[in-house]
Amino acid sequence: MQCVILSGGLGTRLGQLGGRHPKHLVTVLGRPFAHRQLAWLGDQGVDSVLECVGHRGDEIRASIGDGAAWGLSVVYSDDGLDAQGEPRRLGTGGALLMAHRRGQLSERLIVIYGDSWLRLD
């Protein structure tokens, strides 16, 4: 099962925490939130993760890598840059559309936000 994690946002509502790290990597109880989320996904039977990244996506890539630490295969879809070389902000629908156009989405998938904790089976 594939899970798409939307983790490209600016994290402005996190105040100083959002300024130091991408919101997906903010430390919660001593570990980056992304690491907790990936461990949970692996426990739920997810085997493939697509991280839709934008803001500070390089830090997310460096922290998560290929996902092997959680028994997952992690690949990335980056929002990219606009014509002026500035980071694009595609938003939820735009990030999913970009991943679809790149052929990165499975026929069956789940989508979650990189800053949401949902205890679902």
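These remarks concern the structure in this document.

### Notes on the sheet that holds strand S6 (residues 109-113)
Piece 1. Strands sit in the order S5-S4-S1-S6 across an open sheet of 4 strands; the sheet is parallel. The open sheet has two free edges, formed respectively by strand S5 (73-78) and S6, since each of these has just one partner strand. Shown here is a sheet whose adjacent strand axes are inclined to one another by a mean of 20°, direction ignored.
Piece 2. Relative to strand S1 (residues 2-7), helix H2 (residues 33-43) is tilted by about 165°, and along the sheet it contacts S1, strand S4 (48-53) and S6.
Piece 3. Most of the contacts of helix H4 (residues 91-101) go to S1, to which it runs at about 135°, and overall it touches S1, S4, S5 and S6.

### A closer look at the pairing of S4
Piece 1. Burial of S4 is extensive: 5 of the 6 residues sit out of reach of the surface.
Piece 2. Where S1 and S4 come together, 6 bridges link them in parallel fashion. Note that in S4 the partner of Val4 across the bridge is Leu50.
Piece 3. With 6 bridges joining them, S4 and S5 adopt parallel strand pairing. Looking across to S5, one finds that Leu50 is bridged to Val75.
Piece 4. Each parallel crossover has a hand, and for S4 linked through helix H3 (residues 57-64) to S5 it is right-handed.

### Some remarks on the nonpolar core
Piece 1. Core analysis: the biggest nonpolar cluster contains 17 residues, and Ile5, Leu38, Leu41, Val49, Ile64 and Leu72 have the highest contact counts within it.
Piece 2. Every element with two or more residues in this core is listed here: S1, H2, S4, H3 and S5.
Piece 3. Per element, the largest residue contribution to this core is 4 residues, and it comes from H2.
Piece 4. Discounting residues that sit within four places of it in the chain, Leu72 has contacts with Leu38, Gly42, Val46, Asp47, Val49, Asp66 and Gly67.
Piece 5. Ranked by size, the runner-up nonpolar core spans 6 residues in total, among them Leu6, Leu50, Cys52 and Ala99.

### A look at the state of the cysteines
Disulfides are covalent bonds that connect the sulfur atoms of two cysteines.
Piece 1. Taken as a whole and assessed by the stated rule, the structure comprises 0 disulfides.
Piece 2. Cysteine Cys3 shares no disulfide, and the gap to the nearest cysteine sulfur, in Cys52, comes to 10 Å.
Piece 3. The class of Cys52 is buried, set by a relative accessible area of 3%.

Basis of the calculations
Residues numbered from 1 in each chain as written. Predicted model: local features only at pLDDT ≥ 70, side-chain atom pairs only at ≥ 80, totals over all residues. Heavy atoms only, no water. Pairing = 2+ DSSP bridges. Helix = DSSP H or I, 4+ residues; strand = E, 2+ residues; numbered from the N terminus. Axes fitted to C-alpha atoms, helices over the stretch in contact; angles between N-to-C directions. Contact = heavy atoms within 4.5 Å. Buried < 20%, exposed > 50% of the residue type's maximum accessible area, 1.4 Å probe, protein only. Right-handed = clockwise from strand over helix to strand, strands pointing away. Core = buried A, V, L, I, M, F, W, Y, C linked by side-chain atoms within 4.5 Å. Disulfide = S-S within 2.5 Å.

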